[in-house]
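The chain contents come next:
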6 protein chains.
Amino acid sequence: MSMNNLGIVKRNIVRADEAAVAKLSRFGVASIHEAMGRVGLMKPYMRPIYTGANVCGTAVTVLVHPGDNWMLHVAAEQLRPGDVAVVACTTDNEDGMFGDLLATSFRACGGLGLVIDAGVRDVKDLTAMQFPVFSRAISAKGTVKATLGSVNVPVVCAGALVNPGDVVVADDDGVVVVPAAVARQAADAAEAREANEADKRAKLAAGVLGLDMYKMREALEKAGLKYVD
Amino acid sequence: MSMNNLGIVKRNIVRADEAAVAKLSRFGVASIHEAMGRVGLMKPYMRPIYTGANVCGTAVTVLVHPGDNWMLHVAAEQLRPGDVAVVACTTDNEDGMFGDLLATSFRACGGLGLVIDAGVRDVKDLTAMQFPVFSRAISAKGTVKATLGSVNVPVVCAGALVNPGDVVVADDDGVVVVPAAVARQAADAAEAREANEADKRAKLAAGVLGLDMYKMREALEKAGLKYVD
Amino acid sequence: MSMNNLGIVKRNIVRADEAAVAKLSRFGVASIHEAMGRVGLMKPYMRPIYTGANVCGTAVTVLVHPGDNWMLHVAAEQLRPGDVAVVACTTDNEDGMFGDLLATSFRACGGLGLVIDAGVRDVKDLTAMQFPVFSRAISAKGTVKATLGSVNVPVVCAGALVNPGDVVVADDDGVVVVPAAVARQAADAAEAREANEADKRAKLAAGVLGLDMYKMREALEKAGLKYVD
Amino acid sequence: MSMNNLGIVKRNIVRADEAAVAKLSRFGVASIHEAMGRVGLMKPYMRPIYTGANVCGTAVTVLVHPGDNWMLHVAAEQLRPGDVAVVACTTDNEDGMFGDLLATSFRACGGLGLVIDAGVRDVKDLTAMQFPVFSRAISAKGTVKATLGSVNVPVVCAGALVNPGDVVVADDDGVVVVPAAVARQAADAAEAREANEADKRAKLAAGVLGLDMYKMREALEKAGLKYVD
Amino acid sequence: MSMNNLGIVKRNIVRADEAAVAKLSRFGVASIHEAMGRVGLMKPYMRPIYTGANVCGTAVTVLVHPGDNWMLHVAAEQLRPGDVAVVACTTDNEDGMFGDLLATSFRACGGLGLVIDAGVRDVKDLTAMQFPVFSRAISAKGTVKATLGSVNVPVVCAGALVNPGDVVVADDDGVVVVPAAVARQAADAAEAREANEADKRAKLAAGVLGLDMYKMREALEKAGLKYVD
Amino acid sequence: MSMNNLGIVKRNIVRADEAAVAKLSRFGVASIHEAMGRVGLMKPYMRPIYTGANVCGTAVTVLVHPGDNWMLHVAAEQLRPGDVAVVACTTDNEDGMFGDLLATSFRACGGLGLVIDAGVRDVKDLTAMQFPVFSRAISAKGTVKATLGSVNVPVVCAGALVNPGDVVVADDDGVVVVPAAVARQAADAAEAREANEADKRAKLAAGVLGLDMYKMREALEKAGLKYVD
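Keep in mind the model is a prediction, meaning the values are calculated, not measured.

Q: Is there a simple way to explain the overall build of chain A in this structure?
A: Of the regular secondary structure elements, chain A holds eight helices and twelve strands. In terms of principal-axis extent, the alpha carbons of chain A reach across some 65 × 40 × 35 Å. Buried positions account for 62% of the 229 residues belonging to chain A. Looking at chain A as shown, the accessible area adds up to about 7900 Å², and 51% of this sits on carbon and sulfur atoms. Separation of charge centres in chain A, based on 24 positive and 26 negative side chains, amounts to 2 Å.

Structural data, given as structure tokens:
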């Protein structure tokens, strides 16, 4: 048994069910995260590089070293239509590992977008291409191609465990990871939740208070809340 | 005398004079802050969630615990037309305590906007609603409703003391707090300052140097400034 | 010999060759940084205050103290058409040292933009003016005019050494400094690189992999990369 | 009414009851914070400059500007035996505002220690003097004496509101502020809590589980906790 | 299949082989990390609360919510002699979730130490007890007991995936996680590496250069290194 | 002319005058920084790895890439008795680039200590060796040897420009850089300042206020300071 997964490219990965991915793509990150029981989020420093960027697809995971984007070129070949590259780095690094050339290549391979716990550049071009990228930083800093990482091994990206084939959904609110095995279940739960929300929204807009709609008054009183004048 | 203000909702608060609030709403945060003598600003990590967001109103203060947005529901009932909810947290926390449902409720109650030293979510919807929010983070992370905080007690929000009823003004430059008792005075001072600025701007645009307009040359020389070639 | 450069304004500085500056203005920050051999970048916390801001010009350097913008007024007089003010601070500070009045003055003097390792304010006005500013923060915090710094001395701004007269190029990807002496050389190298990129982009868009285009497969294999199923 | 408290030195302040301060000095910061209902803490970035530093005294508050320690000299004169200087800054700043000379002066005036939301220096000497200092940073950076702040006005220091005369207690766990009016009450509550803790410690050491000692099992079960094998 | 692991306590976990743990305890974190191929480290913000703290044991994992330490009490019951509690939090939080009472309880249950991606308090007492703790912060902030997390589920702690039963080794250099399945292999590799280091150290002390000992000169020359005078 | 200094080792550098270095070694970082006119400090995140670490010597500069310590081995050969290695990195990185083996080698070559804008490891051993190290982080993370940097080129380390041969002085208060050309002058000024301080300390200890000793009262009054009761 190997002590690490470095220097490996796994070619055949089990991707989440296509229909489940399609269904998940209709819901927001917050809804999916709630529907799963409030788990799966990456840390909030992961931000879209342009307003409105969003993506939903199956993860091709990439593990890189600080200042080295060699494995992103290796990863391109593993992308299938509907995939999102998810890049983790062995230590905190903000270098610009990805730009419009790699985006062009990823898109040509069917890649839908990128989630990277490092930096990216060519932001203007990526925006013009409407290639959705979620990153921890924007940086023009160039990188080397010198040290092996891996493709399609389990990675921890921005605090979240991502296995190859998991569903990754990203929008203005952040990035959530849905394990492939529960993708359908999560999609169904998100759908139920969203329907539910429409009704709540109407009531709240009509002036009904959450205190009453969610029946919180008794619990608040029991917890000891005091109203004073 | 109580050692803390936890578990309390104060219903009757003295809000700043309405005319003063209306007048303050005509000026920018930087002008008001300067007019008051350079005080009252929240820390600059408080940012609008969309470009152009701005708000001016009277503070309904909320004290919450990390990862717990229960008191925001309690606060909704205390909002009056013209109020801005100001949320402080007992420790640093970036969870998404507020989204489009609470915004809908706040607006239905007359709330104009939100200033929160924590995270928010549903950014796309909040932007579509043009509901102004200033926060320390954007995060999809859901919160619980388990522990009492308070509404309308003095709070420290992003480094600034806020008393219920104070005026809170927020725009692209940040957030400033104007104590209710000096709201009129601050508005008058901001008005004077802004008039003053128009004149300065014209001169500077015409090529007059600040060195001359502000008569700085003598003070600079006295301080020892040396020009070398 | 003086132990420091404080309290000094150098009036006659050697600016980078005008044609080289003009040529550099046609290329992006990432390209220029790469063309120079991956050097000269400021740290990635330096961000444009509005999307699309960009500038290319010769540096008039300014050294200020925290919370004190006196030297920016002194610097205005030293600006010549085509200059960019580059402001370094003796310690980390995010105060709002620059706003629309100074921008008006800088522009009247021929200044093209500002790069400042501190805060700025009046963001809405600066955006309306389309005056490009790259800063570490946005803050309404006012500053004093009490302590001498310097103008046109070598400074370290956001981690990069900047000498007066150097070329400063800034866009969505960050800020790069090109020493005056190598401006032409850097422009030529950037031009070569960019031409090169157009060709690469076309190939990648057509589905050619970077692995093949850059002939990486042999090196990867030699490094020990293993493909598994 | 003044819009700010700048440029003011308040000479006569009401200090917390001496006996209450003496009693508080027997308890730890965590105990006092808990006894007060979990309020009053400064942010955890405030750390002692040497292991074991601790202090308990009445606050003489100081408001300074970034990079400017003028008001610390003004504050020295206001110190009475048993006081602790509490320094807040108008913006985040880490400059070395305090060193062994000021410590010598503070001690000569009866000052017991320093809590400063900025930097300090001469750490070796301060340690040798066993002069307790809690700060956000250690920095050799010198400061100017150019701009007025205030002494003995209410300040927000590291996220906590401090009024002159309040009790400030600091140890390895951080810094807590006890309002003068509740000092005795807080001391009594802390005493009760600490007695309580000794008993709990003995039980836990004997192998009794907190689950049983605090009778948590029922609440956990009700909340839905599941034990699986 | 459950979409999350919340509200679960797994009682029977497979702990790493005892002999392997004992062997690993003889080596430093850096050596083990290197021996495993440079993987398994937590982020460097995890620091010991006192100089010289170190621990090596099998992980009982705990997942908590911000500001809520309920599950640490639940975890105590699951500790077996030789275990180390590893606490992850659903979002970044620095509250003081652990102090001398819990340490007393953990030790009574056989717990050897704590690794927590949050804050701790009672640092003086913990040091006196010589109970090794590695945390992201020291904070006196008290926590509630209101929301269920889990015990002995896989967690991401400070960027590292930890499964219950894995070996956790912590010393002045940080914290490394060794999967139970490779504990013996990692121990052997660390042993080989350490032996190797003794020999290297002697040569280097005698003045042999790493350039020669590691035979780097040829590779450096090939990479293009130029020596100039 | 080269556009960058990468891939270069400069062998013959002009070191600061030996007597000046010896004299500087008698003074603290804060004193030297003040004596030079408050310049030359590295950022305060640079901290000693053990209490009491201090060093004064001539800089051998090293420029490395993130996660790559190859050039530290190259640098060892360039160290002469009395040198301090000063390591800058092309981007922010906290990896453990240096440990007890390199320290052994550096010491064998005459190196006195290390100042590194990155991470180090083997802290226990380095402390036992009393090898003074000032770093931005402690991290066990291993590094590769793959990409060329440089030795003895000008670098920006933790915000300070360092030329090879400059004097670097580090103690509990931080790190200051003294350009070789002004080393003697700085030493003399520091000596004058320190003598001066002894006298001040005695007066302050005797109860003389800084307000009087520094004759600040008039300036404070002129600035508008008001004493109120």
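Q: Can you help me understand the relation of the copies chain A and chain C in this one?
A: For the pair of chain copies, the relating transformation is a rotation about an axis with a translation along it. Overlaying chain A on chain C yields an RMSD of 0.0 Å, the required transformation being a rotation through 120° with an accompanying axial translation of 0.0 Å. One copy is carried onto the other by what is essentially a three-fold rotation axis. When each C-alpha of chain A is compared by its distance to the rotation axis, Thr-51 of chain A comes out closest, at 6.0 Å.

Q: Teacher, can you tell me more about the pattern of salt bridges here?
A: A side chain of one charge can pair with a side chain of the opposite charge when the charged atoms of the two come close. Taken as a whole and assessed by the stated rule, the structure comprises 108 salt bridges over all chains. With a closest N to O distance of 2.6 Å, Asp-100 of chain B and Arg-201 of chain A form a salt bridge. Taken together, the residues span two chains, with Asp-100 of chain B in helix α4 (residues 100-108) and Arg-201 of chain A in helix α6 (residues 183-205). Close ionic contact of Lys-203 of chain B with Asp-199 of chain B constitutes a salt bridge, the shortest N to O distance being 3.6 Å. Taken as a pair, Lys-203 of chain B and Asp-199 of chain B lie in helix α6 (residues 183-205) at a separation of four residues, close to a single helical turn. Classification of Lys-203 of chain B by relative accessible area gives partly exposed; the value is 38%. Residue class for Asp-199 of chain B comes out partly exposed when judged on its relative accessible area of 40%. Sharing partners across several salt bridges, the network here consists of Glu-34, Arg-38, Arg-193, Glu-197 and Arg-201 of chain A together with Asp-100 and Arg-121 of chain B.

Q: Any chance you could explain the pairing of strand β4 (residues 83-89) of chain E here in plain terms?
A: For a regular strand, side chains alternate in direction, first toward one face of the sheet and then toward the other. Residue and element names in this part refer to chain E. In terms of burial, β4 is a largely internal element, seven of the seven residues being buried. Along β4, one buried face is formed by Asp-83, Ala-85, Val-87 and Cys-89 and the opposite face, lined by Val-84, Val-86 and Ala-88, is buried too. Sheet topology note: the strand β3 (residues 55-64)/β4 ladder contains seven bridges and is parallel. Within β4, the residue paired with Thr-61 across the bridge is Val-86. Note on the crossover from β3 through helix α3 (residues 70-76) to β4: the handedness is right-handed. Note that the unit made of β4, helix α4 (residues 100-108) and strand β5 (residues 113-120) has a crossover that is right-handed.

Q: What is the right way to look at the packing of helix α4 (residues 100-108) of chain A against helix α6 (residues 183-205) of chain C in this model?
A: Helix-helix packing is characterised by the crossing angle of the two axes and by the distance between the axes. Packing of α4 of chain A against α6 of chain C brings their axes to within 8 Å, and their N-to-C directions diverge by 15°. Judged on the interaxial angle alone, α6 of chain C and α4 of chain A are roughly parallel. You can see that α4 of chain A and α6 of chain C cross each other, and the crossing is right-handed. The segment α4 of chain A lies against α6 of chain C, with Asp-100, Leu-101, Thr-104, Ser-105 and Ala-108 of chain A engaging Glu-197, Lys-200, Arg-201, Leu-204 and Ala-205 of chain C. Residues of the contact of α4 of chain A with α6 of chain C, tallied by class, amount to four nonpolar, two polar and four charged.

Q: Honestly, the packing of aromatic side chains in this entry has me stumped. Any pointers?
A: Two aromatic rings are characterised by how far apart their centres lie and by the angle between their planes. Enumeration according to the criterion identifies twelve aromatic pairs over all chains in this entry. If you follow Arg-136 of chain E out to its NZ or CZ, it ends over the ring of Tyr-45 of chain E, 4.5 Å from the centre.

Q: What exactly am I supposed to notice about the interface of chain A and chain C here?
A: Reports of interface size often rely on the accessible area that becomes lost once the parts have come together. Chain A puts 34 residues into the contact, and the matching count from chain C is 33 residues. Across the chain A to chain C interface the summed buried area is about 2900 Å²; carbon plus sulfur atoms make up 62%. When the area that chain A buries against chain C is broken down by residue, the three leading residues are Trp-70, Glu-77 and Leu-101 of chain A, summing to 20%. Scanning the region where chain A abuts chain C turns up four salt bridges. At the surface where chain A touches chain C, the tally comes to 14 residue pairs in polar contact (both at pLDDT 80 or more). For the side of chain A that touches chain C, the secondary-structure elements that each account for two or more residues are β1 (8-10), α3 (70-76), α4 and α5 (123-129) of chain A. Split into classes, the residues belonging to the side of chain A that touches chain C amount to 14 nonpolar, ten polar and ten charged.

Q: Please clarify how the interface of chain E and chain D should be interpreted in this entry.
A: Contacts between the two partners involve 34 residues from chain E, matched on the other side by 33 residues from chain D. Roughly 2900 Å² is buried in total at the junction of chain E and chain D, and carbon and sulfur atoms are behind 62% of that figure. We note a salt bridge from Glu-77 of chain E to Arg-217 of chain D, for which the minimum N-O separation is 2.9 Å. Scanning the region where chain E abuts chain D turns up 14 residue pairs in polar contact (both at pLDDT 80 or more). The class makeup of the residues in the side of chain E that touches chain D is 14 nonpolar, ten polar and ten charged. Here strand β12 (residues 226-228) of chain D runs beside strand β1 (residues 8-10) of chain E; their pairing, made up of three bridges, is parallel.

Q: What's the story with the pairing of strand β3 (residues 55-64) of chain C in this structure? I'm lost.
A: Residues and elements named next belong to chain C. The buried count for β3 comes to ten of ten residues, which makes it a mostly enclosed element. Two strands pair when backbone bridges link them, and β3 and strand β10 (residues 167-171) are joined in this way by four bridges, in the antiparallel orientation. In the sheet register, Cys-56 faces β10, and the bridge partner there is Val-169.

Q: Mind showing me how you'd approach unusual backbone geometry here?
A: Peptide bonds are trans in most cases, and residues, glycine excluded, mostly fall at negative phi. Backbone geometry at Arg-38 of chain D places phi at a positive 70°, although glycine is not the residue there. As for its placement among the helices and strands, Arg-38 of chain D is situated in the loop between α2 (29-35) and β2 (47-48). Here Ala-158 of chain E, not a glycine, exhibits a phi torsion of approximately 50°, which is positive. Ala-158 of chain E sits in the buried class, given a relative accessible area of 1%.

Q: Explain the side chain of Asp-117 of chain D to me, please; I cannot follow it from the model alone.
A: Residues and elements named next belong to chain D. Here Asp-117 shows up in strand β5 (residues 113-120). Side chain to side chain, Asp-117 and Arg-136 meet in a polar contact 3.0 Å long. There is a polar contact of 3.0 Å between the side chain of Asp-117 and the backbone nitrogen of Ala-158. Aside from chain neighbours lying at most four places away, what touches Asp-117 is Tyr-45, Met-46, Val-87, Cys-89, Asn-93, Arg-136, Cys-157 and Ala-158.

Reading the values: the criteria
Residues numbered from 1 in each chain as written. Chains lettered and ligands numbered in written order. Predicted model: local features only at pLDDT ≥ 70, side-chain atom pairs only at ≥ 80, totals over all residues. Heavy atoms only, no water. Helix = DSSP H or I, 4+ residues; strand = E, 2+ residues; numbered from the N terminus. Buried < 20%, exposed > 50% of the residue type's maximum accessible area, 1.4 Å probe, protein only. Areas by Shrake-Rupley, 256 points an atom, 1.4 Å probe, with all protein chains shown as cover. Lys, Arg positive; Asp, Glu negative; His and termini not counted. Charge placed at Lys NZ, Arg CZ, Asp CG, Glu CD. Least-squares fit on C-alpha atoms with pLDDT ≥ 70 in both. Salt bridge = Lys/Arg side-chain N within 4 Å of Asp/Glu carboxyl O. Pairing = 2+ DSSP bridges. Right-handed = clockwise from strand over helix to strand, strands pointing away. Axes fitted to C-alpha atoms, helices over the stretch in contact; angles between N-to-C directions. Parallel < 35°, antiparallel > 145°, perpendicular 65-115°, else oblique. Left-handed = near helix turned anticlockwise from the far one by under 90°. Contact = heavy atoms within 4.5 Å. Nonpolar A, V, L, I, M, F, W, Y, C, P; charged D, E, K, R; others polar. Phe/Tyr/Trp six-rings, centres within 6.5 Å; stacked < 30°, edge-to-face > 60°. Lys NZ or Arg CZ within 6 Å of the ring centre and 35° of its normal. Buried area = accessible area lost by both parts, 1.4 Å probe. Polar contact = N/O pair within 3.5 Å; in protein donor to acceptor, adjacent residues only side chain to side chain.

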